[in-house]
Amino acid sequence: MKSDGERLPDTGESEVVILAAARTQIERDLLDRWCRSKDVPAGYRTSGRPDVLDLDSRILTTRLADRDGNPLLLPVRVAWLPAERDGARRARFSDVLALTNPRNPNTLIQKWLVGRSSDRYRIVVAASAHLDDLREQFAESEPGRVPEAASFARYVTRRAVVALERAERAVIGDRYKVPRLVAEQIMDSSSFRQRLDTIATEEHLPRDEVDARARSALGELVAVQSRLVTDLFTQAMRPLHTSAWTVHADDSGLESLRELNRTHPLVFLPSHRSYADALVLGDILAGHDFPGNHLMGGANLTFWPLGPIARRTGTVFIRRSFGDDTVYKAALQEYFAFLLSKRFNLEWYFEGGRTRTGKLRRPRYGLLNYVANAIRGGRVDDAMLVPVSITYEGLAEVAAVAAEQTGAPKRPEGLRWLANYARSQQRTAGNVYVRFGTPLSMRAQLAAGGDPDLSGSPDADDPAAGESLRRRAMQKVAFEVAVGINRNTPVTVNSLVTLALLGVRDRALTLDEVRAVIAPVRAYLDARDAPQGEVGLLDREGGLARVLAALTDAGVVTTYTGGDEAVYSIQPGQHLVAAFYRNSGIHWFVNRSIIELAILFVHEHPSDNPVRAAWYEAKNLRDLLKFEFFFPDRDTFESELQKEVELLVPEWEWGTPLPTEGRALNALIETGLFMSHRTLRSFFDAQLVVAERLARRDPTLEVDSAAFLDECVAVGRQMLLQGRLHGSESVSSELFATALELARNRGLLDRGDHTVAERRHAFASQLLAVGDRVALAESLDVSNRKADR
């Protein structure tokens, strides 16, 4: 018989009380035998039989209340292990078929294992503590509260359970770190009880009713993790991503993340492109023995059997909306603070849902605010935010996402949906790339952003000013996370190919023509040192043809082979799908595209100070695109544009006149690469649709967003048929919604302002001018002219 646990120094003459966490008589017999054996650590041995108490708060209430002396409490339990297979001890479905849980076997199996398989169990010994120390710590944790025997017994029980869990993880690995007795700890917390007291007083509610609602809310929220279900769920769900993709994970920084996790909770914030994101990321982290993340999910995925299973693997299902339910909000905030204070890792998608366009969506701040509040309130010193980029070469679910953007209803999640999704995942879709950004200190980011609670700002005492500063600080945090994700998002082969095909309207290109478009793009990416996927495939014999064949097989590209040579174009009706793949890496080209259009602006509008004029136009373009992409502050943006100019005209110093008239434009043409018509045109086209529809409306009437977006989809199709829009990817409810948000930000939805009508027309005129400039860029694109020949 072996034992595992913490080895502490000799306890001297202290009396030892064993706290035995036994669930069956066999376990209690094993613990009793262990207490009498030489396996007891030397520091805990006594001359006589040690006092053994069941680890049960009801028993400890009476046995510890009037206990004399200062005994040393030593928690112990029996840990049962699965059989070792392939060097790992994990539960399998064969265990379930045998009607047993190898981590919690029934009495008959326990008896069999004790007699025949001693390697399948361990005596786990946790860290000990003196009774007086625990009483003192309990009093400090509940200041101003009269100690109660029952509350103290629950406190000792929780401390013992947590200590045993920690000791057991030394045997089974950190991957199986799970919280215990969470709802009980939260309901026993003095700070939470005080908050419930305040809610009951302010809302004139009976205290018992508030308590009941809090327990109910925690019952919804708290993930009841199971090690057995975690093993089985991982085994069952792995084919959903391993069959579809080859996973490429940059795990070079994971070891340092593990070290960081020993002192700080980690908050993983991945990009969200697929339902499989959590499976892909979870598999990588489990392979490096990270404890399972508490994944924040929406209540739309609570359907049977996925919901109950996911909840037992760490998914926290949060109501989509809880309005004025202050009790639920308090329970959620307290649960967050509890998990962070115990260093449990969290995970959610700060975009609020899967991207519909392939690029990052605007962030949602709600859950980030809960982390910030835990830091502001002193519940946790800091939390480390980990940006994670998950990028797929192909996704079966994109077709449904694209259809929703043109009016198709979203299919509700359920059993049929799950079966269809599992079936679609059996099709090979290429590679998936997972990259981890540099972790960000939430405390440091908030302080740097001017958060009044952490930066020492004098505005902290002014509620309105303080709230404004907190909001701006949170926006800065979200921006840094988004930048961290984008910086680690690689450009894939499918992104390059769709970029080429979408940039030539609906014309078909030969292999050589596609290659002519891609070559300068790759040279630019190399110059920028931008991360790239397995793009070396394009340099191999037949590599580009294989990529196009895979896209054809997926229904995104159509191939015509009836002539002299094969030609390729976007499959009719699949432009939004193709745009999804293009947009996954589009952020790498935004600044380049802005520089192009700014230089063309100066070419069309000669100025005594062309640099100032170009910078003025660049800022206008940045303002048009600020709801689509993540731009830094003015000074950083100017510095980034300067680097783009240096790639074109290395000798030009920012802020000085152009070396020669037209030098910048000539340099653009010489590169053989114009990007604005390939990257930004669909966004400007969507904005034009919104601007023109607003210009035609009575400015005194309120704009109903849902009806207006439907109108934009219908009129956008008309403008596409008229040739006023470049491609079908511009007709997107997602792009129209963002353009409407831009209009609202500009005050173009304000009623009662006599200047609104004029400003709406000016907005439409501005976009028409930008569109003409994009068309000029297209006409100057050398790679495009090669494709024309």
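Residues numbered from 1 in each chain as written. Predicted model: local features only at pLDDT ≥ 70, side-chain atom pairs only at ≥ 80, totals over all residues. Heavy atoms only, no water.

**Digging into the overall build of the protein**
Along its length, the protein carries 35 helices and 17 strands. Counting every position in the protein, which comprises 789 residues, the buried fraction comes to 53%. Of all intrachain contacts in the protein linking residues separated by at least 6 positions in sequence, the fraction that spans at least 24 positions is 77%. Surface summary for the protein: the accessible area is close to 34600 Å², and the carbon and sulfur share equals 49%. (Helix = DSSP H or I, 4+ residues; strand = E, 2+ residues; numbered from the N terminus. Buried < 20%, exposed > 50% of the residue type's maximum accessible area, 1.4 Å probe, protein only. Contact = heavy atoms within 4.5 Å. Areas by Shrake-Rupley, 256 points an atom, 1.4 Å probe, with all protein chains shown as cover.)

**What to know about the confidence of the model for the protein**
Here the protein averages 86 in pLDDT, and 90% of its residues register 70 or above. In the predicted structure, residues 5-11 sits below a pLDDT of 50 and forms 15 contacts with residues beyond four places in sequence or in another chain. (pLDDT = per-residue confidence, 0-100.)

**Brief notes about the side chain of Gln687**
With respect to the helices and strands, Gln687 occurs in helix α31 (residues 681-695). On the accessibility criterion, Gln687 (2% relative accessible area) is buried. What Gln687 contacts, discounting residues up to four positions off in sequence, is Leu624, Ala739, Leu742 and Leu767.

**Some details on the sheet that holds strand β15 (residues 509-510)**
Within the open sheet, the three strands sit side by side as β15-β17-β16. Their pairing is antiparallel. Strands with a single pairing partner mark the edges of an open sheet, and in this sheet they are β15 and β16 (557-560). As defined by bridge partners, β15 adjoins strand β17 (residues 567-570) across two bridges and the pair is classed as antiparallel. Bridging across to β17, Thr510 finds its partner in Val567. (Pairing = 2+ DSSP bridges.)

**So, the pattern of salt bridges**
Close approach of charged atoms lets side chains of opposite charge pair. According to the stated counting rule, one finds 46 salt bridges in the structure shown. The shortest N-O distance in the salt bridge between Arg213 and Asp325 comes to 3.0 Å. On the criterion of sequence distance, the pair formed by Arg213 in helix α9 (residues 207-221) and Asp325 in the loop between β10 (315-318) and α15 (326-341) is long-range, its members being 112 residues apart. Owing to a relative accessible area of 28%, Arg213 belongs among the partly exposed residues under this scheme. Between Glu220 and Arg319 there is a salt bridge, with the nearest N and O atoms lying 2.7 Å from each other. Here Glu220, found in helix α9, pairs with Arg319, found in the loop between β10 and α15; they are 99 residues apart in sequence, far enough to count as distant. (Salt bridge = Lys/Arg side-chain N within 4 Å of Asp/Glu carboxyl O.)

**Brief notes about helix α23 (residues 511-528)**
Look at α23: 26 Å from first C-alpha to last across 18 residues, which is about the 26 Å you get at 1.5 Å a residue. Note on α23: the residue one or two positions beyond its end, Asp529, has a positive phi of about 55°. (Expected span 1.5 Å × (residues − 1).)

**Focus: unusual backbone geometry**
For Arg343, which is not a glycine, the phi torsion comes out positive at approximately 60°. Looking at the secondary structure, you find Arg343 in the loop between α15 and β11 (346-347). By relative accessible area, which is 34% here, Arg343 ends up partly exposed. A positive phi angle, close to 55°, is found at Asp529, a residue other than glycine. Assignment of secondary structure puts Asp529 in the loop between α23 and α24 (543-553).

**Some details on the side chain of Asn488**
Relative to the elements of secondary structure, Asn488 occurs in the loop between α21 (463-487) and α22 (493-502). Taking the relative accessible area as the measure of exposure, Asn488 reaches 19% and is therefore buried. Setting aside residues up to four positions removed in sequence, Asn488 forms contacts with Ser389, Arg435, Phe436, Gly437 and Pro531.

**Re the pairing of strand β5 (residues 121-125)**
Judged by how many residues are buried, β5 sits mostly within the fold: five of five residues are covered. Alternating residues of β5 divide into Tyr121, Ile123 and Val125 and Arg122 and Val124, and every residue in both groups is buried. In this sheet, β5 lies alongside strand β4 (residues 72-80) in antiparallel orientation, the contact comprising five bridges. If you follow Ala79 over to β5, its bridge partner there is Arg122.

**Topic: the environment of Ala21**
Counting through the fold element by element, Ala21 comes out in strand β2 (residues 16-21). Residue class for Ala21 comes out buried when judged on its relative accessible area of 18%. Note: C-alpha distance between Ala21 and Asp54 (33 residues apart in sequence) is 6.1 Å. Those residues within four positions of Ala21 in sequence are excluded, and the remaining contacts are Glu27, Leu31, Leu55, Val76, Arg77, Val78 and Leu164.

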